[in-house]
Amino acid sequence: LASGGYSLVELHASSRESNAGGSKVEDTFIVRPCGSKTQIDDDTLDEVSRSLLEATKHPILAHSLKSQIAELEADDNKLISRAKKLEELIEDEQINVING
């Protein structure tokens, strides 16, 4: 959804009685264009619906993204640590010149 310029605003799941006598779960998604409070155009509704359905069928993609995010955060922390060390080295090597 995000790559398509949409965001998931709300998600509701509720049990409903089915016509066959059992129960079923009904999911309600509220999706909007990113940064907007307007509804999705009718022309793009089918495309967004397919994307949302595809995402729910393949949760492994979400796990893959989570692991990629964790790796990137670890790399980020290493780079922050390295930058701090370099700043300390630069600070230690500075020579103060006093005009007198």
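As the structure is a computational prediction, the values presented were derived from the model and not from experiment.

About the thresholds
Residues numbered from 1 in each chain as written. Predicted model: local features only at pLDDT ≥ 70, side-chain atom pairs only at ≥ 80, totals over all residues. Heavy atoms only, no water. Helix = DSSP H or I, 4+ residues; strand = E, 2+ residues; numbered from the N terminus. Buried < 20%, exposed > 50% of the residue type's maximum accessible area, 1.4 Å probe, protein only. Contact = heavy atoms within 4.5 Å. Areas by Shrake-Rupley, 256 points an atom, 1.4 Å probe, with all protein chains shown as cover. Core = buried A, V, L, I, M, F, W, Y, C linked by side-chain atoms within 4.5 Å. Pairing = 2+ DSSP bridges. pLDDT = per-residue confidence, 0-100. Patch = residues over 30% accessible without salt bridge, like charges linked within 9 Å, V, L, I, M, F, W, Y side chains within 5 Å. Salt bridge = Lys/Arg side-chain N within 4 Å of Asp/Glu carboxyl O. Lys, Arg positive; Asp, Glu negative; His and termini not counted. Charge placed at Lys NZ, Arg CZ, Asp CG, Glu CD.

A.B. asks: Would you mind going over the overall build of the chain with me for this structure?
C.D. replies: Check the secondary structure of the chain and you find two helices and two strands. Counted from the first residue to the last, the chain has its helices and strands arranged as β-β-α-α. Burial statistics for the chain: of 100 residues in total, 5% are counted as buried. Of the contacts made within the chain by residues no fewer than 6 positions apart, 33% connect residues no fewer than 24 positions apart. As displayed, the chain has an accessible area near 9000 Å², and 52% of this comes from carbon and sulfur atoms.

A.B. asks: Would you mind showing me how to read the nonpolar core here?
C.D. replies: Soluble globular proteins: nonpolar side chains tend toward being buried together. Among the nonpolar cores identified, the biggest contains five residues, and these are Tyr6, Val31, Ile40, Val48 and Leu52. Leave out the neighbours within four places in its chain, and tyrosine 6 touches Leu1, Val31, Arg32, Pro33, Cys34, Ile40, Thr44 and Val48.

A.B. asks: I keep staring at the pairing of strand β1 (residues 6–17) and nothing clicks. Help me out?
C.D. replies: On any regular strand, side chains alternate: one points to one face of the sheet, the next to the other face. As paired elements, β1 and strand β2 (residues 23–33) share 11 bridges and run antiparallel to each other. Paired with alanine 13 across the bridge in β2 is aspartate 27. Connecting the antiparallel pair β1 and β2 is a turn made up of five residues, with glycine 21 showing a positive phi of about 100°.

A.B. asks: How should I be thinking about the confidence of the model for the chain in this particular structure?
C.D. replies: As a general rule, the predicted coordinates of low-pLDDT regions are not to be interpreted in detail. Per-residue confidence for the chain averages 81 on the pLDDT scale, and 88% of its residues sit at or above 70. Per-element averaging of pLDDT across the chain places helix α1 (residues 42–57) at the bottom with 80 and helix α2 (residues 59–93) at the top with 84.

A.B. asks: Explanation requested: a negative patch on the surface in the structure shown.
C.D. replies: There is a patch of like negative charges on the surface, built from Glu87, Glu88, Glu91, Asp92 and Glu93. Taking relative accessible area as the criterion, glutamate 87 reaches 54% and is therefore assigned exposed.

A.B. asks: Even after reading the chapter, I still don't get the environment of glutamate 26, so can you show me in this structure?
C.D. replies: Position of glutamate 26 relative to the elements: it lies in strand β2. Residues glutamate 26 and serine 15, 11 residues apart in the sequence, show an inter-C-alpha distance of 6.1 Å. Ignoring any residue separated from it by four or fewer positions in sequence, one finds glutamate 26 in contact with His12, Ala13, Ser14 and Arg16.

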